[in-house]
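# Structural overview for review
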Amino acid sequence: MEAKHSDNQIGRARVQDTPELEAYYKELETLGAGALWTVANDIEPWEPRSSSVPMLWKYDDLRDLVLKSSELVTPEQAGRRVVYLVNDKRKDVSAAVGWLYTGIQVTKPGESTSAHKHKASALRFIMEGEGGYTVVDGNKITFEVNDFVITPNSTWHEHGCDVNGKTCIWQDGLDIPLVNALEANDYAVYDGKQQVEKPTNQLSNSFSASGLIPADFIWNKPYSPLFKYSWKTVYPALIESLKVNTVNLFDGIIMQYSNPITGGHVMQTLGASIQLLPASFKGKAHKHTGSFVYQCAKGKGFSIINGERFDWKERDIFCIPSWALHEHHNLSDNEDACLFSFNDLPVMEKLGLYQEKNYEENNGNQII
Ligand SMILES: [Fe+2]
Ligand SMILES: [Fe+2]
């Protein structure tokens, strides 16, 4: 049966104010109470509602200011030397969109930080530089441009760039606003730097792109043992997939970074995907719950979000709020475009809150 959406219908709050009711509300207020019907229609929307707005952060505009931070403060002074990206409507919780945080971090050759940990989960997508590394729970992981790296909830982690490297810039993604909203965050500082006792990249190199998992491998942690997903294996996988799979109408070729042990998301609260939009791809519009932060890893194109066009190219970052209509287009007719994104889908799925809806009007594309 088709649901009705009118606040004037039976089943919705429809009480007219009277002097007697207003006095009653005041009396309730003095006791730390209230009448539900005065707020019910607001706190129970007909459809998912986001207070975030779609936003695009142009890398060309931000890059110089990000680099400038490396002249103004040291990583040790700043704790984490990051320029964070904040949604116009989520400044109160330092979120880029919904309950997700994102920032751009710079590390110069020879710089490194002491380790810390927190209940918020973190991930990184590498934007530029050479010789960058992170140490996660004693595992040293080196990374290159477009690699994806995770530092799960409560793992000790520190970052650095080799003396002979080139200034590294990467995007951080965390669920700090979510964990704060749940009043469950914490933060601890390690005394110095971690001991690295295993071969560099041991975990990520132990698993083969051919699907092989070490037969005697025991892993009982609630996150992926892969820690790093290298662009040099990810991009060929997208190209091979394009040859044999039907292109998704909304997302082109889209792959989830996954935990090879479970096939599920890489971490308990944050998920991430990489997608390839073939040359001239014109995606259809849809909407779903979950907040998304994107970074263009390759190529150029645009996304239409709630009827507004956002043009992006390599390294630009943009966000799609929960339940916002969106569609992606590749502007090139001879090159593919790739979009990295991270999201809160593991939370939405575990809580049974995920839903999606395809846009049916105008052949599935929005009018700007
Ligand atoms: Fe951290
Ligand atoms: Fe989508």
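Analysis parameters
- Residues numbered from 1 in each chain as written.
- Chains lettered and ligands numbered in written order.
- Predicted model: local features only at pLDDT ≥ 70, side-chain atom pairs only at ≥ 80, totals over all residues.
- Helix = DSSP H or I, 4+ residues; strand = E, 2+ residues; numbered from the N terminus.
- Rg over C-alpha atoms; globule rule 2.2 N^0.38 Å.
- Buried ≥ 20, exposed ≤ 12 C-beta atoms within 10 Å, placed from the backbone.
- Contact = placed C-beta atoms within 7 Å.
- Pairing = 2+ DSSP bridges.
- Axes fitted to C-alpha atoms, helices over the stretch in contact; angles between N-to-C directions.
- Core = buried A, V, L, I, M, F, W, Y, C linked by C-beta atoms within 7 Å.
- Expected span 1.5 Å × (residues − 1).
- pLDDT = per-residue confidence, 0-100.

## Some thoughts on the overall build of the chain
The helix and strand tally for the chain stands at eight helices and 20 strands. In terms of overall dimensions, the chain is globule-like: its C-alpha atoms have a radius of gyration of 23 Å, near the 21 Å expected for 368 residues. With the C-alpha coordinates aligned to their principal axes, the bounding extent of the chain is approximately 75 × 50 × 45 Å. Taking all 368 residues of the chain together, the buried fraction comes to 38%. In the chain, of all internal contacts separated by at least 6 residues, the share reaching a separation of at least 24 is 76%.

## Quick look at unusual backbone geometry
Even without a glycine there, the phi angle at Asn146 is positive, about 75 degrees. Assignment of secondary structure puts Asn146 in the loop between strand E6 (139–143) and strand E7 (148–151). Its identity is not glycine, yet Glu183 carries a phi of approximately 55 degrees, on the positive side. Considering the arrangement of structural elements, one finds Glu183 in the loop between helix H5 (176–181) and strand E9 (187–189). Judged by local crowding, Glu183 falls into the exposed class, with 6 C-beta atoms found within 10 Å.

## Focus on the sheet that holds strand E12 (residues 271–277)
Strand order in the open sheet made by the six strands is E1-E17-E14-E19-E12-E11, with antiparallel pairing throughout. Looking at strand neighbours, the two that pair on one side only are strand E1 (55–57) and strand E11 (253–256), the edges of this open sheet. Neighbour to neighbour, the strand axes of the sheet diverge by 20 degrees on average, direction disregarded. Bridging between E1 and strand E17 (residues 317–320) involves three bridges; their strand directions are antiparallel. In the strand pairing of E17, Leu56 is matched with Phe318. Those strands touched by helix H7 (residues 231–244) are E11, E12 and strand E19 (337–343), and its axis lies near 135 degrees from that of E11.

## Thoughts on the nonpolar core
One finds Ala96, Leu123, Phe148, Val293 and Cys319 to be the most contacted residues of the largest nonpolar core, which totals 72 residues. Looking at this core element by element, the count peaks at eight residues for strand E5 (residues 122–136). With residues up to four places along the chain from it excluded, the contact list for Val293 reads Ala96, Val97, Leu100, Thr102, Gly173, Ile317, Cys319, Ser341 and Phe342.

## What to know about the environment of Tyr187
The topology assignment puts Tyr187 in strand E9. As for Tyr187 and Lys108, which are separated by 79 residues in sequence, their C-alpha atoms are 25 Å apart. Excluding its chain neighbours within four sequence positions, the residues that come into contact with Tyr187 are His116 and His118.

## Structural notes on helix H3 (residues 59–72)
The end-to-end C-alpha separation of H3 is 20 Å, in line with the 20 Å expected for 14 residues at 1.5 Å each. Here H3 lies mainly on the outside; one of its 14 residues are buried.

## Examining the pairing of strand E14 (residues 292–298)
Of all seven residues making up E14, seven are buried, and the element is well covered by its neighbours. Taken together, the four bridges between E14 and E17 define a ladder with antiparallel strand orientation. By the bridge assignment, Phe292 is partnered in E17 with Ile320. In the sheet, E14 pairs with E19 via six bridges, with the strands oriented antiparallel.

## Points about the environment of Glu76
Relative to the helices and strands, Glu76 is located in helix H4 (residues 75–78). In the structure, Glu76 is positioned 36 residues away from Ser112 in sequence and 8.4 Å away in space, judged by C-alpha atoms.

## Digging into the environment of Gly160
The residue Gly160 is located in strand E8 (residues 157–174) in this model. With 27 residues separating them in the primary sequence, Gly160 and Tyr133 have C-alpha atoms 5.5 Å apart.

## Points about the confidence of the model for the chain
Low pLDDT means the predicted coordinates in that region are not meant to be read closely. Put simply, the chain has an average pLDDT of 95, and 99% of its residues get 70 or more. Summarising per-element confidence for the chain, the mean pLDDT is lowest in H4 (83) and highest in E14 (99).

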